[in-house]
Amino acid sequence: MFHLHNLKFTGRDGDEFSIVEFTSLDLPKILEIEKNASAHPWSERNFCDSLENSHICVGVKLHEQWCAHAVFSIAAGEAELLILAVEPKFQGQKIAKNLLLHVESQFKSRVSSIFLEVRISNHGAIGLYESLGFNQVGERMNYYPAAKGRESALIYAKHIDDVGFFSTQ
């Protein structure tokens, strides 16, 4: 089982944020963020399944307040970001960026690549992922439910070894 170790970062106002694993006891707050941040939120069952399947379930806290969460799976030397959400009042503070950078640093000894899917309409997330060195490697047509039918998912990948196909160095 994978565990994160002592991950902290300083926000733009000097606040110290912590990246910690969440448990089923934290689900009410995690679900609140999910509902506030997403038009198509994950269900409590989705989160329970991830916790039961030993996915890496992490969140960002400012003191005792949850600000964001993410869920990753690891299999066959690859990680996949399954969900990422930031409470709207904390958006624009580089919380997602710091979360991804810190988790990536912990993954380097366990995985060679990180994959994710993002809604084609989610330009903010796409910009974030591209700024972190993710590259689009595919597209899944009509993958996500949308207000008017379905929308495509873009598939992104980042090789996190020192040198690799997806590296931006």
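Values in this document were obtained by computation on a predicted structure and should not be read as measured data.

What to know about the layout of surface pockets
The computed volume of the largest pocket comes to approximately 990 Å³. Every residue lining the largest pocket is counted, 33 residues in all, and those nearest its centre are Leu-84, Ala-85, Asn-122, Ala-125 and Tyr-129. Taken together, the elements giving at least two residues each to the lining of the largest pocket come down to α1 (27–37), β5 (78–86), α3 (95–107), β6 (113–119), α4 (123–131) and β7 (135–146). No other element matches the seven residues that β5 contributes to the lining of the largest pocket. Along the lines of polarity and charge, the residues of the lining of the largest pocket split into 19 nonpolar, seven polar and seven charged.

Observations concerning the sheet that holds β7
The strand order across the open sheet formed by eight strands is β1-β2-β3-β4-β5-β6-β8-β7, and the pairing between neighbours is mixed. Unpaired on one side and paired on the other, β1 (7–10) and β7 mark the two borders of the sheet. Adjacent strand axes in the sheet meet at a mean angle of 25° when their direction is disregarded.

Notes on helix α2 (residues 44–52)
The complete set of buried residues in α2 reads Phe-47, Cys-48 and Ser-50. Buried residues in α2, looked at end-on, bunch into an arc of 160°, giving them a common side. Where α2 is buried, its residues contact α1, β3 (56–62), β4 (65–75) and β5. Positive phi shows up at Ser-54, right after α2, with a value of about 60°.

Describing the nonpolar core
By size, the foremost hydrophobic cluster in this structure holds 36 residues, and its most contacted members are Val-58, Val-60, Phe-72, Phe-107 and Tyr-129. The residues contacting Tyr-129, other than those within four sequence positions of it, are Leu-81, Leu-84, Leu-100, Leu-116, Val-118 and Phe-134. Phe-22, Leu-31, Phe-47 and Cys-57 belong to the second-largest nonpolar core, a separate cluster that totals 13 residues.

What to know about the pairing of β3
Across a regular strand the side chains alternate sides, sitting on one face of the sheet and then on the other. In terms of burial, β3 is largely enclosed, as seven of its seven residues are buried. Neither face of β3 is open: one carries Ile-56, Val-58, Val-60 and Leu-62, the other Cys-57, Gly-59 and Lys-61, and all of them are buried. The pairing of strand β2 (residues 16–21) with β3 spans five bridges and is classified as antiparallel. Directly across from Glu-21, in β3, lies its bridge partner Val-58. Pairing geometry for β3 and β4, over seven bridges, is antiparallel. Bridging across to β4, Cys-57 finds its partner in Val-71. The turn joining β3 and β4, which pair antiparallel and follow one another in sequence, is formed by two residues; a positive phi near 60° is taken by His-63.

The rules we used
Residues numbered from 1 in each chain as written. Predicted model: local features only at pLDDT ≥ 70, side-chain atom pairs only at ≥ 80, totals over all residues. Heavy atoms only, no water. 1 Å grid on protein atoms, 1.4 Å probe; cavity = no way out; pocket = protein on both sides within 12 Å on 5 of 7 lines; lining within 4 Å. Points joined across faces, edges and corners; volume = space filled by probe spheres on them. Helix = DSSP H or I, 4+ residues; strand = E, 2+ residues; numbered from the N terminus. Nonpolar A, V, L, I, M, F, W, Y, C, P; charged D, E, K, R; others polar. Pairing = 2+ DSSP bridges. Axes fitted to C-alpha atoms, helices over the stretch in contact; angles between N-to-C directions. Buried < 20%, exposed > 50% of the residue type's maximum accessible area, 1.4 Å probe, protein only. Arc of directions from axis to C-beta. Contact = heavy atoms within 4.5 Å. Core = buried A, V, L, I, M, F, W, Y, C linked by side-chain atoms within 4.5 Å.

Keep in mind these values describe shape, not function.
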